[in-house]
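# Tertiary structure, described
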Protein chains: 2
Amino acid sequence: MRQGRVDIGQRSETVHRANLSAIVRGLHERGPLSRSDLVALTGLTRSAIRALVCELVDAGMVIEEPALRRGTPGRPSPIARANPRRAVVLGIEIMVDSIAAAIVGLGGVTLAESRLERTRGSLSPDRVVADITELTESLLRRVAVAPIGIGVAVAGVVRRSDGLVWMAPNLGWAEVALGERLTEALGLAVPVSIANDADMGLLAEHRRGAAVGVDDVLYVSGEVGVGGGAIIGGRPLMGVAGYGGEIGHMPVNPGGIPCRCGSTGCWETEVGEGALLALAGLPPDAGREGVEAVLREAAAGVPTAAAALDHVGRWLGIGLAGLVNILNPQLVILGAMHGRIHATVRPVMEVELDRRALRAPRESVHVVAASLGVGAPARGAAELAFEPLLADPAAFFGSAALAPQLASA
Amino acid sequence: MRQGRVDIGQRSETVHRANLSAIVRGLHERGPLSRSDLVALTGLTRSAIRALVCELVDAGMVIEEPALRRGTPGRPSPIARANPRRAVVLGIEIMVDSIAAAIVGLGGVTLAESRLERTRGSLSPDRVVADITELTESLLRRVAVAPIGIGVAVAGVVRRSDGLVWMAPNLGWAEVALGERLTEALGLAVPVSIANDADMGLLAEHRRGAAVGVDDVLYVSGEVGVGGGAIIGGRPLMGVAGYGGEIGHMPVNPGGIPCRCGSTGCWETEVGEGALLALAGLPPDAGREGVEAVLREAAAGVPTAAAALDHVGRWLGIGLAGLVNILNPQLVILGAMHGRIHATVRPVMEVELDRRALRAPRESVHVVAASLGVGAPARGAAELAFEPLLADPAAFFGSAALAPQLASA
């Protein structure tokens, strides 16, 4: 059919670029792969894979290495891996008590990283922009490759489209145009993407942690505030404006404790760091060390500490039951404070979950502690910054930003 | 590049079938379209559209009609529309007090429908299967076209993969293999898909009602139980096993009223029909007429009725605030009982929503009553049954199930 062929002709470049994307994404997300692995991964023919990989090797994005003989019959299949220095990104995290940055190369290799510890409450937008500028300059001097993108994870409610931080109560921020300010301050002429810290922690766990290969995941990340993120059917829960996932402000006890957000009885008021410290009789600014102290005291049999953890564990189960009923996830990952207390509160949390989640979704779900620990949001932010390259690597082949690295690659 | 062409060659039939799907889906979901509309919708060339439409006309799926001159310059573009008798499906709904079935033709035209009113509590699985068999036989005699698929919406928690109804407390069902039983009883040798009633009400609103073109929607549908469904980023929230959307069992008042599910203080215990009737001093089995009576009494100034609606409206706002924070929807649709009380409870509901939802997601969302009314779940179930045909119409061209209709089409 002639008209059909015209149409297909128009699409052939699109198909070609999509195939390059599948290979680069495969190597970035899964690590080194043989040509046979790539055939299995993409469904393309062996000869198509050979040609596409050659193209990526010519562009410097992929390095092919001779295969090791592994005792299997037939010709050994060369191993392709992403070239981490051909394309690097900057991943940044802005938490309530530290600022961290990492330079991550294609394939997910961290080439350099640095963290500045900061006092809670001291992080004005000006201070944060200055800290990030300083961290970035020092890391880029060490790595000497210009980044193709910058991702920033911030403990606040973020509008993804333009990087506006609507509200970051734990930083004391409201309506900070962080995307614009960083673009200007860093002067790197590459896209700056801003996202919520829990969303980025989840992205990191999904790409490189506990949730690899899992399509329905809920991530809970509590410290001063309780944030969250979800992957639903393999895609991040964004909502219409990118604000989705604010699970800390689900009302679980509307006659309870006033929340910083203006409501009463939000989940955060029962399971946040503040609730745990108050119940354990510690000052509200005791922070992460305070939480460690509560865990130590409970282990030593101090009743107030044990009761405080019991309370938080029980309400953790109550809120999770609701979220499990709403989202039917396969996996719940507890990050930050909730990851640290998980082993201790697990029995009481599971009792509430068993009692309050419907049997069917309860049977589908496992609750685990986060696997990546500190720095997960920065790693997720780096993944976010890689997204345009992974979606269309060919668009970056001739990019001016990449050209200087060809010599050093 | 030779290898690239081999790959594209392998994909050309896939592309062709995807293009047929885009056209059939467009005509089914949007109604009659001119060739120019189809060019705009698909991004294909005019000549490609002409050939693809011809192919669909030859297969009997599409009818092309001469265009009317509409005063615009240039040659008028013929109008294509879906042929409703070329492919029909059966959409069924099993609610607590009625069973309904409809035969829906391609393009969304209801060709015949029927409803059996039933007493609450009388609907055993045997009774329901017998009722559906009777309804189906009578409708198929009237329409005289064999269906290509059957969709069933049921007020319960459903495993999509095999149509197992895990739990339908308001019907008194547990682990009913409804998919299998209907397949056997109807003997029509076509796929039977079972889904939750709220999910199907939402699908109907998304295809043909208040949510057309909206990608982030929450649907709340309360009667005896409170169910829900969501569309997130344009796709239904399913969860890992299809149980997602059980918003009625979000704990909002864990020290409150025991719920039929075994938990305490689920949203359903505060905003369900039972709560409204009890607060208004009516018997729990007063049902839909009871709700109408409460609305009439409140309008006439009866204080207990007004207070009951106030209570339900306030808790509706509290729960919606949590869901708006979690999902950041653009639209919330209130179906069934909540649609009927919406106009009355709106002020008190909006006060809680304003107070308890975070400002950013609050500003993105509108709450409206459902537009389709009774029968929305059956219409949604019919849409579900059309899905395989819409995804790959070419697979149905030569189907034995369709062949008999070619003569009558």
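The structure displayed is predicted, hence computed values, not measured ones.

A word on the nonpolar core. Within the largest apolar cluster, 266 residues are counted, with the highest numbers of intra-cluster contacts made by Val152 of chain A together with Val152 of chain B. When neighbours within four sequence positions are excluded, Val152 of chain A is seen to be in contact with Ile92, Ile94, Leu178, Leu182, Val192, Ser193, Ile194 and Ala381 of chain A.

Right, let's talk about the interface of chain B and chain A for a bit. On the side of chain A, 59 residues touch chain B, which itself brings 59 residues to the contact. Put simply, the parts of the chain that give the side of chain B that touches chain A at least two residues each are helix 1 (2–30), helix 3 (46–58), strand 9 (164–168), helix 10 (303–327), helix 11 (336–356) and helix 12 (359–364) of chain B. Each residue belonging to the side of chain B that touches chain A can be placed in one class, and the counts come to 30 nonpolar, 20 polar and nine charged.

This paragraph deals with the domain arrangement of chain A. When the domains of chain A are assigned, the result is domain 1 (13–82), domain 2 (88–200 + 375–408) and domain 3 (212–369). With centres defined by C-alpha atoms, the gap from domain 1 of chain A to domain 3 of chain A works out at 42 Å.

All names here are of chain B. Phi at Glu175 takes a positive value of approximately 50°, unusual for a residue other than glycine. Position of Glu175 among the secondary structure elements: in strand 10 (residues 173–177). On the basis of neighbour count, Glu175 is assigned to the partly exposed category, with 13 C-beta atoms found within 10 Å. For Asn328, which is not a glycine, the phi torsion comes out positive at approximately 45°.

Right, let's talk about the relation of the copies chain B and chain A for a bit. At an RMSD of 0.0 Å, chain B and chain A line up after a rotation of 180° and a shift of 0.0 Å along the axis. Look at the turn and shift together and you get a two-fold axis relating the two. Taking C-alpha positions as reference, the residue of chain B nearest the rotation axis is Val252 of chain B, located at 2.2 Å. Both copies present the same face, since 100% of the interface residues in chain B are matched by interface residues at the equivalent positions in chain A.

What follows deals with the packing of helix 10 (residues 303–327) of chain A against helix 11 (residues 336–356) of chain A. A pair of packed helices is characterised by two quantities: the angle between their axes and the separation of those axes. All names here are of chain A. The N-to-C vectors of helix 10 and helix 11 enclose an angle of 55°; their axes lie 7 Å apart at closest approach. The angle between helix 10 and helix 11 falls in the class oblique. Crossing angle aside, the handedness with which helix 10 passes helix 11 is right-handed. On helix 11, the residues that touch Leu309, Asp310, Val312, Gly313, Arg314, Leu316, Gly317, Ile318, Leu320 and Ala321 of helix 10 are His338, Ile341, Thr344, Val345, Val348, Met349, Glu350, Val351, Glu352, Leu353 and Arg356. The residue makeup of the contact of helix 10 with helix 11, split by class, is twelve nonpolar, four polar and five charged.

Once that is clear, we can look at the sheet that holds strand 15 (residues 331–335) of chain B. Either a parallel or an antiparallel arrangement is found when strands of a sheet pair, and the pairing is made through backbone hydrogen bonds. All names here are of chain B. Spatially, five strands are ordered 14-13-12-15-16 in an open sheet, and the strand pairing comes out mixed. Only two strands of the sheet have a single neighbouring strand rather than two, namely strand 14 (235–236) and strand 16 (366–369). Bridge count between strand 12 (residues 217–222) and strand 13 (residues 226–232): six bridges; the pairing is antiparallel. Bridged to Val217 within strand 13 is Ile231.

Here is what the cut-offs are and how they apply
- Residues numbered from 1 in each chain as written.
- Chains lettered and ligands numbered in written order.
- Predicted model: local features only at pLDDT ≥ 70, side-chain atom pairs only at ≥ 80, totals over all residues.
- Core = buried A, V, L, I, M, F, W, Y, C linked by C-beta atoms within 7 Å.
- Buried ≥ 20, exposed ≤ 12 C-beta atoms within 10 Å, placed from the backbone.
- Contact = placed C-beta atoms within 7 Å.
- Helix = DSSP H or I, 4+ residues; strand = E, 2+ residues; numbered from the N terminus.
- Nonpolar A, V, L, I, M, F, W, Y, C, P; charged D, E, K, R; others polar.
- Domains from an automatic or database assignment.
- Least-squares fit on C-alpha atoms with pLDDT ≥ 70 in both.
- Axes fitted to C-alpha atoms, helices over the stretch in contact; angles between N-to-C directions.
- Parallel < 35°, antiparallel > 145°, perpendicular 65-115°, else oblique.
- Left-handed = near helix turned anticlockwise from the far one by under 90°.
- Pairing = 2+ DSSP bridges.

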